[in-house]
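If you want the building blocks of each chain, they are given just below.
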Amino acid sequence: MKRIAATCCLIALGLFLLFSSSSFSYAGPAKIEAAPPRAKVQAPGPTTTDLSPLKLKRNILTVRLEKGFFEVMEMMDFENEGSATIVSKGGAPTLRFALPRSSNIRNPRARWGAAPAGLDPRFLTTVGDELRTTEPLPPGRKFIVLLYRLEDEFGGIRMERPILYDTPSFAVLPEKDRVQAQALGFSAQPAVKFQDREYNRFVGAARAGTVVRIDMQAPDSMGGLGVFYVVGGVVVVLSLGLGVYIRRRRNTAYSAQVEREEILRAIASLDDRLASGEITSSEYARERAPRFERLKELSD
């Protein structure tokens, strides 16, 4: 319940994300521009420019293939473990995000699919392939979602994702049967299912200053990423019933965790729609009730 309460508080601050069973809509590259100069924001309570209390608890990438593009949803769970709000020092960023590049010869650059969720647009700027913010970071959790896409090519591509923050939990979830992928140096884990889709899973830790490399291709691509020709034929048979039981328990717990986060984001979206007058109170109550009941079931 503590994890849910922390996420709820974060969502109440403005996080929204509509994660449907279909791919996120794309209407061309999103433009992320710096806001015009404005008055300095005074953060309540004690402040610090020390970034060391900021930790990246988890970093999850889901990868889908849609119309010749690999569409990536990246979810980052930060926490300011200190007791003071982290503020910008002389305009320096409080958070940085680096877009990946690929081996696609014609178009190696990633493109934004939508504006980031969980970040105040008033503080955002772009510098090259980096997105930066000078947004104050109060103590506690901050959940951020980035959406971007990479162009596929015959034979597949290799995505190179720079790591700017240490994290003990970095996970790559390519959509099963739609994206053949291998996260180099990461451990393959049992697939997980949520939102009526199934995802393979590669997990491990990531260190700042390194680069995560992910090979990806469409199932019908006949390129030279040879690992994909054997992955589908490898089946690990566990002879001990206890081993099977432990694997299933871990897989179920991970799926429940992902589903909880999806429900919380859906409830947050309803809150935003009610506040903006897009839906009535009765519509809000009708749509929120089943989601809240499911959330209670997952929390038991």
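See the structure shown above.
On a predicted model such as this, the values are computed, not experimentally measured, just so you know.

J.: Quick one: what's the story with the overall build of the chain, residue by residue and with numbers?
T.: From N to C terminus, the chain includes 4 helices and 16 strands. Across the 300 residues in the chain, those meeting the buried criterion constitute 43%. The contacts of the chain with a sequence gap of at least 6 include a subset with a gap of at least 24, amounting to 78%. For the chain, the exposed area adds up to about 16,000 Å²; of that, 55% sits on carbon and sulfur atoms.

J.: Can you break down the nonpolar core residue by residue, with the values?
T.: The biggest cluster of nonpolar side chains holds 39 residues, and the ones touching the most others in it are Phe78, Leu95, Phe97, Leu146, Tyr148, Phe170 and Met216. The greatest single-element share of this core, amounting to 5 residues, is contributed by strand β2 (residues 54-66). In this view, Phe97 contacts Met76, Phe78, Leu119, Asp129, Glu130, Leu131, Ile144, Leu146 and Leu164; residues no more than four positions away in its chain are not counted. Core analysis: the next-biggest nonpolar cluster, separate from the first, contains 14 residues, Met73, Met75, Phe143 and Ala171 among them.

J.: Residues and numbers for the sheet that holds strand β12 (residues 167-174), please.
T.: The mixed open sheet is built from 7 strands, whose spatial order is β7-β10-β3-β2-β12-β15-β14. The outermost strands of the open sheet, each flanked by one partner alone, are β7 (111-112) and β14 (187-194). Examined bridge by bridge, β14 and strand β15 (residues 197-206) share 6 bridges and lie antiparallel to one another. Pairing of Gln189 across the sheet is with Arg201, part of β15.

J.: Kindly report on the sheet that holds strand β8 (residues 124-127), identifying the contributing residues and their values.
T.: Adjacent strands of a sheet pair through backbone hydrogen bonds, lying either parallel or antiparallel. Spatial strand order, β5-β9-β8: 3 strands in an open sheet with antiparallel pairing. Strands at the two margins of the open sheet, each flanked by one partner only, are β5 (95-98) and β8. Averaged over all pairs of adjacent strands, the angle between their axes in this sheet comes to 20°, without regard to strand direction. Where β5 lies against strand β9 (residues 130-133), 4 bridges are found, and the strand directions are antiparallel. Within β9, the position partnered with Leu95 by the bridge is Thr133.

J.: Can you break down unusual backbone geometry residue by residue, with the values?
T.: Trans peptide bonds make up the majority, and among non-glycine residues the majority have a negative phi. Positioned with a positive phi, Lys67 is a non-glycine residue whose angle comes to about 55°. Considering the arrangement of structural elements, one finds Lys67 in the loop between β2 and β3 (69-80). By relative accessible area, Lys67 is classed as exposed at 82%. In this structure, Asp177 is a non-glycine residue whose phi angle is positive, near 70°. Mapped onto the secondary structure, Asp177 falls in the loop between β12 and β13 (180-183).

Rules used in this analysis
Residues numbered from 1 in each chain as written. Predicted model: local features only at pLDDT ≥ 70, side-chain atom pairs only at ≥ 80, totals over all residues. Heavy atoms only, no water. Helix = DSSP H or I, 4+ residues; strand = E, 2+ residues; numbered from the N terminus. Buried < 20%, exposed > 50% of the residue type's maximum accessible area, 1.4 Å probe, protein only. Contact = heavy atoms within 4.5 Å. Areas by Shrake-Rupley, 256 points an atom, 1.4 Å probe, with all protein chains shown as cover. Core = buried A, V, L, I, M, F, W, Y, C linked by side-chain atoms within 4.5 Å. Pairing = 2+ DSSP bridges. Axes fitted to C-alpha atoms, helices over the stretch in contact; angles between N-to-C directions.

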